[in-house]
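An overview of the molecular structure
Each chain, letter by letter, is given below.
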Amino acid sequence: MDNIKIKLITEDIDYGRMLCDGIAHMHRDIIMELETEEGTCNDKRDADLIVIDEPMLRKIVYDDSMMILCEKKSDRTIDTEAGVYRIWKYANLRKTLSDIIYVYGVKTGRSFAQPKNPHMHVLAFCSSVGGSGCTSIAVAVGQELIRTHKKNVLYLTLSYTGSGEEYMRPLSEGRDISEFLYHTLGRGRKISGMDAGYIESFIGRNENGLENFTPHTGKNPLAELDGVSMENFFDCIAESGRYEAVIADVGTSLSESAAACFRVCKSACFVRVPYRDKRRMQTQKDVIEKFLFEGKGRLIEVVNSPSELEYERRKVALDELFSCVEDSFTTQSAGIDIEQYVNESDFLIKYEPSSFTMDNGFKKIATDRAFAIEVKKITEKMIRPGER
């Protein structure tokens, strides 16, 4: 893909230099050129997009090839129908870059997208109950794909209220997932390219490189998509050429959008805990396997142990856990065979608090602890080619 050239016209040289350096550092495909009133401000033939500081408008004739940096946040306006593009001059750098990329796509009909990646894999993560650790395992697998396998990975959640926020640092003031869906799936049609702008306009990432869409402030719109729309959404992601893997954190959902995730996924990870209702778990597992069979995906099972003790002492620990609720309620009286649960599953994750730490309000997963070691094995099995 060719580089694009953006010309910034401003009287504030210090601001201009910082903005140009910041954008060039964040996006390798953008070449920034700074012009002042002494420069050739009216020569726009060699630039793909002109970004002009509002005070310069008194010296330069405005035309529709320009994007204005306004002084007041309340003056920010992006109106594609009227052709008016005014962004706030003092927004954070990622927000400014997001707006510039979007306007570039609308004005030129081009984007930064690479050719469609036909090998993009969807990995789904699900559970029969909340609190099973499904999100933690999904995020950890995504980070393992980035760290060890050098993949570009996108994290999605189908939870109505969103999940994974404790691991992600969303882009403040960013264009969110609902706006992306409006542009790509609006009016019942599938759109890409200039209408959606570059996908980077809508995403943030954590310190490990795991990317996610900026969440919507209300209900998660992905949770309410029908099956066809969800499959079209995955096509739009593949068309961006940006990702080699998508982590779909389905959770406990069996909605149409969840079913679509299972149909398109390469493999699914079913996370369970040994002290929950086995009948409900089996019912949900049967439904998921039906969807996987339609799409030829494969299912692996993980027991996420709630016990702080080692594997050999798990039965005793669970007996003590249940006895806190009711004296006569033990793993034996409840009909829970811990060994059977483990033997029927592919992996056992032992509870280890030291695997998780907090950093400025966000949770981090240690890469050298028991949790990460088991996640590494799960990742290898989920991406391994071959029949299920």
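Computed from a prediction, not measured in an experiment: that's the story for all the values here.

Counting across every chain of the model gives one cavity of 30 Å³ or more. Its volume calculated, the largest cavity comes out at about 30 Å³. Forming the boundary of the largest cavity are R94, L97, S98, I101, E200 and S201. When its residues are assigned to classes, the lining of the largest cavity shows two nonpolar, two polar and two charged.

Here we take up the pattern of salt bridges. Following the criterion strictly, the structure yields 14 salt bridges and no others. Where salt bridges share partners, they join D53, E71 and K89 into one cluster.

For strand 7 (residues 121-127), the buried fraction is high: six of the seven residues fall into the buried class. Relative to strand 11 (residues 245-251), strand 7 runs parallel, the two being bridged by six bridges. By the bridge assignment, C126 is partnered in strand 11 with G251.

Relative to the helices and strands, S128 resides in the loop between strand 7 and helix 3 (134-147). Look at S128 and you get buried, because its relative accessible area is 2%. Residues S128 and G251, spaced 123 residues apart in sequence, show a C-alpha to C-alpha distance of 7.6 Å.

Remark: helix 4 (residues 177-185) packs on helix 5 (residues 227-239), axes separated minimally by 11 Å, with the N-to-C direction vectors making an angle of 95°. The angle between helix 4 and helix 5 places the two elements in the roughly perpendicular class. Only S229, N232, F233, C236 and I237 of helix 5 make contact with helix 4, whose side of the interface consists of I177, F180, L181, T184 and L185. Residue composition of the contact of helix 4 with helix 5, grouped by class: seven nonpolar, three polar and no charged.

Moving on, we get to the packing of aromatic side chains. Two descriptors summarise a pair of aromatic rings, namely the distance from one centre to the other and the angle between the planes of the rings. As enumerated under the stated definition, the model contains nine aromatic pairs in all. Their ring planes at 80° and their centres at 6.4 Å tell us that W88 and Y90 sit as a pair that is edge-to-face. Judged by relative accessible area, which is 43%, Y90 ranks as partly exposed. For the ring pair F233 and F234, a centre distance of 6.0 Å and an interplane angle of 55° mean the geometry is tilted. Ring pairing ties together the aromatic residues F180, F202, F213, F233 and F234, which thus form one cluster.

So, about the sheet that holds strand 13 (residues 298-304). The eight strands lie next to each other as 9-10-8-11-7-12-13-14, forming an open sheet whose pairing is mixed. This sheet does not close on itself; its edge strands, each paired only once, are strand 9 (203-205) and strand 14 (347-349). Strand-to-strand twist across the sheet, computed as the mean angle between neighbouring axes with direction ignored, equals 25°. Of the strand pairs in this sheet, strand 7 and strand 12 (residues 267-272) are connected by five bridges, and their pairing is parallel. Residue pairing across strands places A124 opposite A268, the latter belonging to strand 12.

The phi angle at K150 is positive, at roughly 55°, despite the residue not being glycine. Within the secondary structure, K150 is located in the loop between helix 3 and strand 8 (153-157).

This paragraph deals with helix 10 (residues 370-383). Across its 14 residues, helix 10 extends 21 Å between first and last C-alpha, which sits within 8% of the 20 Å expected from 1.5 Å per residue. For helix 10, the set of buried residues is F371, A372, E374, V375, I378, T379 and M382. The buried residues of helix 10 occupy an angular sector of 160° when projected down its axis, which confines them to one face.

On average, residues of the protein score 77 in pLDDT, and 77% of them are at 70 or above. Of the regions scoring below 50 in pLDDT, residues 187-197 engages in 23 contacts with residues more than four places distant in sequence or in other chains. Note on residues 324-342: pLDDT under 50 across the span, and 36 contacts to partners over four residues away in sequence or across chains.

As a further point, take the side chain of T157. Position of T157 among the secondary structure elements: in strand 8. With a relative accessible area of 12%, T157 lands in the buried category. A distance of 3.2 Å separates the side chain of T157 from the backbone nitrogen of S159, its partner in a polar contact. Excluding residues within four positions of it along the chain, T157 makes contact with G162, S163, N220, L222 and D249.

In this section: the sheet that holds strand 4 (residues 66-70). The sheet built from six strands is open, its strands ordered 2-1-3-4-6-5 with mixed pairing. Because the sheet does not close on itself, it has two edges, and the strands there are strand 2 (30-35) and strand 5 (77-79). Across the sheet, the mean angle from the axis of one strand to that of its neighbour is 25°, orientation sign disregarded. As judged from the four bridges shared by strand 3 (residues 49-53) and strand 4, these two strands associate in the parallel manner. Bridge pairing in strand 4 links V51 to M67. Against the sheet, helix 1 (residues 13-26) contacts strand 1 (4-9), strand 2 and strand 4, and its axis sits at roughly 175° relative to strand 2. Its contacts with the sheet place helix 2 (residues 93-108) against strand 1, strand 2, strand 3, strand 4, strand 5 and strand 6 (84-88), and it is angled at close to 170° to strand 6.

Relative to each other, helix 1 and helix 2 sit at 75°, their axes nearing to 10 Å. Relative to helix 2, the element helix 1 is oriented roughly perpendicular. Here L19, G22, I23 and M26 of helix 1 come into contact with helix 2, specifically with L93, R94, T96, L97 and I100. Of the residues belonging to the contact of helix 1 with helix 2, the class tally is six nonpolar, two polar and one charged.

Conventions and cut-offs
- Residues numbered from 1 in each chain as written.
- Predicted model: local features only at pLDDT ≥ 70, side-chain atom pairs only at ≥ 80, totals over all residues.
- Heavy atoms only, no water.
- 1 Å grid on protein atoms, 1.4 Å probe; cavity = no way out; pocket = protein on both sides within 12 Å on 5 of 7 lines; lining within 4 Å.
- Points joined across faces, edges and corners; volume = space filled by probe spheres on them.
- Nonpolar A, V, L, I, M, F, W, Y, C, P; charged D, E, K, R; others polar.
- Salt bridge = Lys/Arg side-chain N within 4 Å of Asp/Glu carboxyl O.
- Buried < 20%, exposed > 50% of the residue type's maximum accessible area, 1.4 Å probe, protein only.
- Helix = DSSP H or I, 4+ residues; strand = E, 2+ residues; numbered from the N terminus.
- Pairing = 2+ DSSP bridges.
- Axes fitted to C-alpha atoms, helices over the stretch in contact; angles between N-to-C directions.
- Parallel < 35°, antiparallel > 145°, perpendicular 65-115°, else oblique.
- Contact = heavy atoms within 4.5 Å.
- Phe/Tyr/Trp six-rings, centres within 6.5 Å; stacked < 30°, edge-to-face > 60°.
- Expected span 1.5 Å × (residues − 1).
- Arc of directions from axis to C-beta.
- pLDDT = per-residue confidence, 0-100.
- Polar contact = N/O pair within 3.5 Å; in protein donor to acceptor, adjacent residues only side chain to side chain.

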